[in-house]
Amino acid sequence: FYEDNFEANVTKFFRTNVAQLISKSSLKYQGTRRSIDIVRDVTNVTPILWLASRFAIPLKTPETPKGMLSIPELFGIYLVLFMYQSFNIQPLVETTLREGATKVAPVLRKILETHLKTQQGLKEVVVDRLAKGSAYEVGPDADRIYHALIATKLPIGDLVGDCIGMGAPVAGNITQQASLLIDLFLSPDYEVYKNRIVELAHRDDAAAERELQGFVYEGMRHAGVVPGLPRVASQDVIINDGHRGPIHI
């Protein structure tokens, strides 16, 4: 799943697609002001586009109207699976979450299964030729992943489960974490940090990248998508926490 230069490749994909989506989805009003639903049109979309590219999931878009799933449909499938994987911790919700996952999983399983069965031998040559330039084309990333999975000789059902297991947390965590961070840094108490983030976003150097990552990690501590974010301190320390007094870490 993780190729050479994985992080650089992910950064490039997200940078390119986020910029395109913002340009495409923002509406211009008076003067230079623009408006956008950043969650619906950008943060809920980019990770889904990345997963679709990663696993060659045929998306139905204006450019490829004959695809199988629209972006909201694929997002919905992944989100239901993510909820079942990650939040199935209370008996009261077990049945509802399982029913949802059972309903949507076969759609995704069929696509992944088909790729694993056809990305080998003579079938691959024929399928690749027929799918060239369409929503069903298997790109370089997906091609590499499927060949590596096939080479393990594990049962296809297990491999499909692994693909879903890798994809659902990406869709569930990254979409929602991005939305929470945007909400956090747009809130009044964080105005000073927002201004610095805007400054850094206009730079393209390693120091700016590191500092932006710092805002992401610290923001996740304040507004995390998961109930708790464990940390390990490098050394014992005592922090004076105002009226609550000293805290021993």
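To be clear, the structure that these remarks concern was listed above.
Residues numbered from 1 in each chain as written. Predicted model: local features only at pLDDT ≥ 70, side-chain atom pairs only at ≥ 80, totals over all residues. Heavy atoms only, no water.

Let us now look at the overall build of the protein chain. Secondary structure summary: the protein chain contains 10 helices and four strands in total. For the protein chain, the spread of C-alpha atoms along the three principal axes comes to 70 × 50 × 35 Å. Each of the 249 residues in the protein chain was classed as buried or not, and the buried ones make up 32%. Within the protein chain, counting contacts between residues at least 6 apart in sequence, those at least 24 apart form 59% of the total. Of the side-chain charges in the protein chain, 27 are positive and 28 negative, and the distance between the mean point of each set is 6 Å. (Helix = DSSP H or I, 4+ residues; strand = E, 2+ residues; numbered from the N terminus. Buried < 20%, exposed > 50% of the residue type's maximum accessible area, 1.4 Å probe, protein only. Contact = heavy atoms within 4.5 Å. Lys, Arg positive; Asp, Glu negative; His and termini not counted. Charge placed at Lys NZ, Arg CZ, Asp CG, Glu CD.)

Located in the positive-phi region is asparagine 5, a residue other than glycine, with phi close to 60°. Along the chain, asparagine 5 falls in the segment before helix H1 (6-25). Of note in the backbone geometry, alanine 56 takes a positive phi value of approximately 55° without being a glycine. Judged by relative accessible area, alanine 56 falls into the buried class, the value being 4%.

Here we come to the side chain of serine 26. Structurally, serine 26 can be placed in the loop between H1 and strand S1 (27-28). The buried category is assigned to serine 26, whose relative accessible area is 11%. Engagement of the side chain of serine 26 in a polar contact is seen with the backbone oxygen of isoleucine 22, the distance being 2.8 Å. Within the structure, serine 26 has its side chain in polar contact with the side chain of arginine 34 (distance 3.0 Å). (Polar contact = N/O pair within 3.5 Å; in protein donor to acceptor, adjacent residues only side chain to side chain.)

Turning to the packing of aromatic side chains, a few remarks are in order. The geometry of two aromatic rings is summed up by the distance between their centres and the angle between their planes. Tallying each qualifying case throughout the model produces 11 aromatic pairs. Each ring, one from phenylalanine 1 and one from phenylalanine 6, has its centre 6.3 Å from the other, and the planes form 50°; the classification is tilted. Measuring from ring centre to ring centre gives 5.8 Å for tyrosine 190 and tyrosine 193, while their planes differ by 50°; the resulting arrangement is tilted. The buried category is assigned to tyrosine 190, whose relative accessible area is 17%. Against the face of phenylalanine 1 rests arginine 54, its NZ or CZ located 4.9 Å from the ring centre. (Phe/Tyr/Trp six-rings, centres within 6.5 Å; stacked < 30°, edge-to-face > 60°. Lys NZ or Arg CZ within 6 Å of the ring centre and 35° of its normal.)

If you look at the biggest cluster of nonpolar residues, it comprises 43 residues, and the most contacted ones within it are Phe55, Ile57, Leu74, Tyr78, Leu81, Leu108 and Tyr146. Residues within four places of leucine 81 in sequence aside, it is in contact with Ala101, Val104, Ala105, Leu108, Ile164 and Ala168. Formed by eight residues, the second largest nonpolar core is a distinct cluster that contains Leu184, Tyr190, Leu200 and Phe215. (Core = buried A, V, L, I, M, F, W, Y, C linked by side-chain atoms within 4.5 Å.)

Shape is all these values report; function is a separate question.
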